[in-house]
Amino acid sequence: MAEYFPEVPKIQYEGPKSKNPLAFKHYNPEEVVAGKPMKEHLRFAVAYWHTFRGTGQDPFGVGTMIRPWEDPQDSVANAKRRVEVAFEFMEKLGVPYYCFHDRDVAPEGRTLRETNANLDAIVPVLKEHQERTGIKLLWGTANLFSNPRFVHGAATSCNADVFAYAAAQVKKALEVTKELGGENYVFWGGREGYTTLWNTDVKRELDHLAAFLHMAVDYAQKIGFTGQFLIEPKPKEPTKHQYDFDVLNCIAFLKTYGLDKHFKLNIETNHATLAGHTMMHELELARVHGLLGSIDANRGDLLLGWDTDQFPTDLYLTTEVMLVVLRNGGLAPGGLNFDAKVRRESFEPIDLFYAHIGGMDAFARGLKIAAQILEDGWLDELIHERYRSWDSGIGARIEAGEVGFEELEAYMLEKGEAAPNTSGRQELIENIINQYL
Ligand code: XUL
Ligand code: CO
């Protein structure tokens, strides 16, 4: 087998003092943190689309990435060679998982039949490399947004034939994900939204989306696919308004259409910020509803209003993420997928290693810091203390459902005024957190 990254050895953990750019300073997969090895907390995955298909193209210019193994003809032979590249990369990096869209791994043909045959030619190659390396599929998904047929959406298209095409495509993607032992299956609503309400029947589109997801649930049950279904919220881009806007929006949709038993959420940092939320907000809202499924790890740019999908290197962010993950009792069967791309200016193959090493180290540090904060106990104590009035007396009676407005009025008429409030201590908390960073 050819070697595509000959200048890169297997990436090792060398500790915080190492100056080697091709070594981990913090990610030490077997090191036990909060009772289990780091690799089990983090469950890192590489995103096939960005890392192996990203060209650096933007609206103002063609691709810049130097990828010597790529053939401009998007042939099946090229797709097979790319699998070798991908698995050499992932093996050297030491990630346990990867994720893909159907169209990332195999080229589209002229008809659905031909496209399916292309996929069938690649799946055994992926399987062989999975078995050789032990690298597993975190999730599969279908690309229902790139081809021009999806111009008006897929499950929410005004064209019933496009709905049918998308259904056939997801059917096949589910079969392939099952064949490769995928632990989850993701629905990101690529163009499921609208650009103008003047031409849109929103009710019909939402009903169609729900029907589509019910069909997916039914088919998964039929073929015995037991992976977790995930919806990935995003508020806008490519459409002006995506139906899966944010976590609470998705929860309302899932509950309205009786789908909440079958789905959890795959939450992405840059999607959270596009929705005007922090990542911690989205994760926490999903967690308290029992719907935190998996994470697409990346970050946006403070000064840009679009989905820049940069690699996450901000320790404050990774600490907040891992704090919620620890409180969730972990992410499995979900994981941390780097839905992130190197900048257009970082066009050499080795930049792919630097990017992933940086992201993995940032999350390893976030994990260690969050675990230490929880172990030290002051944060939980502070929160517990803040809500102390609910542990006894009138608070406990309200929570137990023992009183209504009349009893509460009698209680307050008797007392005359509420007990004084106590400080929220935000600045103190921030000061203490900075001591860990
Ligand atoms: C797009 C995005 C997708 C999904 C999978 O913003 O995040 O790559 O993660 O379709
Ligand atoms: Co994503």
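Refer to the structure printed above.
The residue numbering used here restarts from 1 in each chain and proceeds along that chain's sequence as written. A letter from A marks each chain and a number from 1 marks each ligand, given out in the order of writing. Selection of residues for local features in this predicted model requires a pLDDT of at least 70, selection of side-chain atom pairs for listing and counting requires 80 or more, and totals for whole chains, interfaces and linings are taken over all residues. To obtain the side-chain values, all non-hydrogen atoms of the structure were used and water was disregarded.

### A closer look at the nonpolar core
So the rule is basically this: To form a nonpolar core, buried Ala, Val, Leu, Ile, Met, Phe, Trp, Tyr and Cys residues must be joined to one another through side-chain atoms within 4.5 Å. Only protein chains enter the accessibility calculation, which uses a 1.4 Å probe; a residue whose area is less than 20% of its type maximum is buried, one above 50% is exposed, and one in between is partly exposed. Numbering of helices and strands runs from the N terminus; a helix is a DSSP stretch of H or I covering at least four residues, while a strand is a stretch of E covering at least two. Residue contacts are defined here by distance: any two heavy atoms, one from each residue, within 4.5 Å place the two residues in contact.
Among the nonpolar cores identified, the biggest contains 113 residues, and L42, M90, Y98, F229 and L265 are the most heavily contacted of them. The dominant element in this core, judged by the number of residues it contributes, is helix α12 (residues 349–376), at 13 residues. Not counting chain neighbours up to four residues away, the residues in contact with L42 comprise Y27, M322, G335, L336, F363, A364 and L367.

### Focus on the pairing of strand β7 (residues 136–141)
Convention followed: Two strands are said to pair when DSSP picks up at least two bridges between them.
The element β7 is largely enclosed, with a buried count of five among its six residues. Of the strand pairs in this sheet, strand β6 (residues 97–101) and β7 are connected by five bridges, and their pairing is parallel. By the bridge assignment, H101 is partnered in β7 with T141. In this structure, β7 lies alongside strand β8 (residues 184–188), joined through two bridges in parallel fashion.

### Section: a nonpolar patch on the surface
What counts, and what does not: Patch members must show over 30% relative accessible area and no salt bridge, and they are joined within 9 Å when carrying like charges or within 5 Å when they are nonpolar side chains of Val, Leu, Ile, Met, Phe, Trp or Tyr. Computed by Shrake-Rupley with a 1.4 Å probe, the accessible areas treat only the displayed protein chains as cover when residues are assessed. Every case where a carboxyl oxygen of Asp or Glu lies within 4 Å of a side-chain nitrogen of Lys or Arg is listed as a salt bridge.
On the surface, L302, L303, L304 and W306 cluster together into a nonpolar patch covering about 530 Å² of accessible area. By secondary structure assignment, the location of L303 is in the loop between β13 (292–296) and α11 (315–327). Note on L303: relative accessible area 75%, which makes it exposed.

### So, unusual backbone geometry
Along the chain, E237 connects to P238 via a cis peptide bond; the corresponding omega equals 10 degrees. Mapped onto the elements of the fold, P238 is located in the loop between β10 (228–232) and β11 (241–242). Along the chain, A332 connects to P333 via a cis peptide bond; the corresponding omega equals 5 degrees. Along the chain, the position of P333 falls in the loop between α11 and β14 (336–338).

### Observations concerning the coordination of the cobalt ion (ligand 2)
Applicable threshold: Only nitrogen, oxygen and sulfur atoms within 2.8 Å of the metal, or 3.2 Å for Na, K and Ca, are treated as donors, and water is left out, so sites may look incomplete. Irregular is the label for any site that misses the other tests, which are tetrahedral for four donors with all angles between 85 and 135 degrees, and square planar for four donors or octahedral for six when opposite donors exceed 155 degrees and the remaining angles lie between 65 and 115.
Every protein donor of the cobalt ion (ligand 2) is listed here as E232 (OE), E268 (OE), D296 (OD) and D339 (OD), and their distances to the metal cover 1.9 to 2.1 Å. With six donor atoms in place around the cobalt ion (ligand 2) and angles of 80 to 174 degrees between them, the coordination shape is octahedral. Counting along the primary sequence, the residues that act as donors to the cobalt ion (ligand 2) give the motif E-x35-E-x27-D-x42-D. Note that E232 is positioned in strand β10 and E268 in strand β12 (residues 263–268), a separation of 36 residues in sequence. E268 matches E232 in its accessibility class, with the two residues each being buried.

### Description of the site of ligand 1
Rule in force here: Near residues are defined by distance, with any heavy atom within 4 Å of the molecule or strand qualifying the residue. For this analysis, a polar contact is any N or O atom pair within 3.5 Å, provided that within protein one partner can donate a hydrogen and the other can accept it, and provided that sequence-adjacent residues contribute only side-chain to side-chain pairs. When residue character is reported, Ala, Val, Leu, Ile, Met, Phe, Trp, Tyr, Cys and Pro are called nonpolar, Asp, Glu, Lys and Arg charged, and the others, Gly included, polar.
Close contacts around ligand 1 come from W49, H101, W139, W188, E232, K234, E268, H271, D296, D307 and D339, and that covers them all. In the environment of ligand 1, an oxygen atom lies 3.3 Å from a nitrogen or oxygen atom belonging to the side chain of W49. Computed on the free molecule, ligand 1 has an accessible area of 300 Å², of which 93% lies beneath the protein chains in the complex. Class assignment of the residues belonging to the shell around ligand 1 gives a composition of three nonpolar, two polar and six charged.

### Section: the pattern of salt bridges
Tallying each qualifying case throughout the model produces 26 salt bridges. Note that D74 is salt-bridged to R53, the shortest N-O span being 3.7 Å. A residue pair is termed long-range when its members are at least 10 positions apart, and D74 in the loop between α2 (48–53) and α3 (76–93) and R53 in helix α2 qualify at 21 residues. D74 sits in the partly exposed class, given a relative accessible area of 37%. For R53, a relative accessible area of 26% corresponds to the partly exposed category. Notably, a salt bridge pairs K127 with E179, separated by 3.0 Å at the nearest N-O pair. Here K127 is found in helix α5 (residues 112–133), whereas its partner E179 is found in helix α6 (residues 160–179), with 52 residues between them in sequence.

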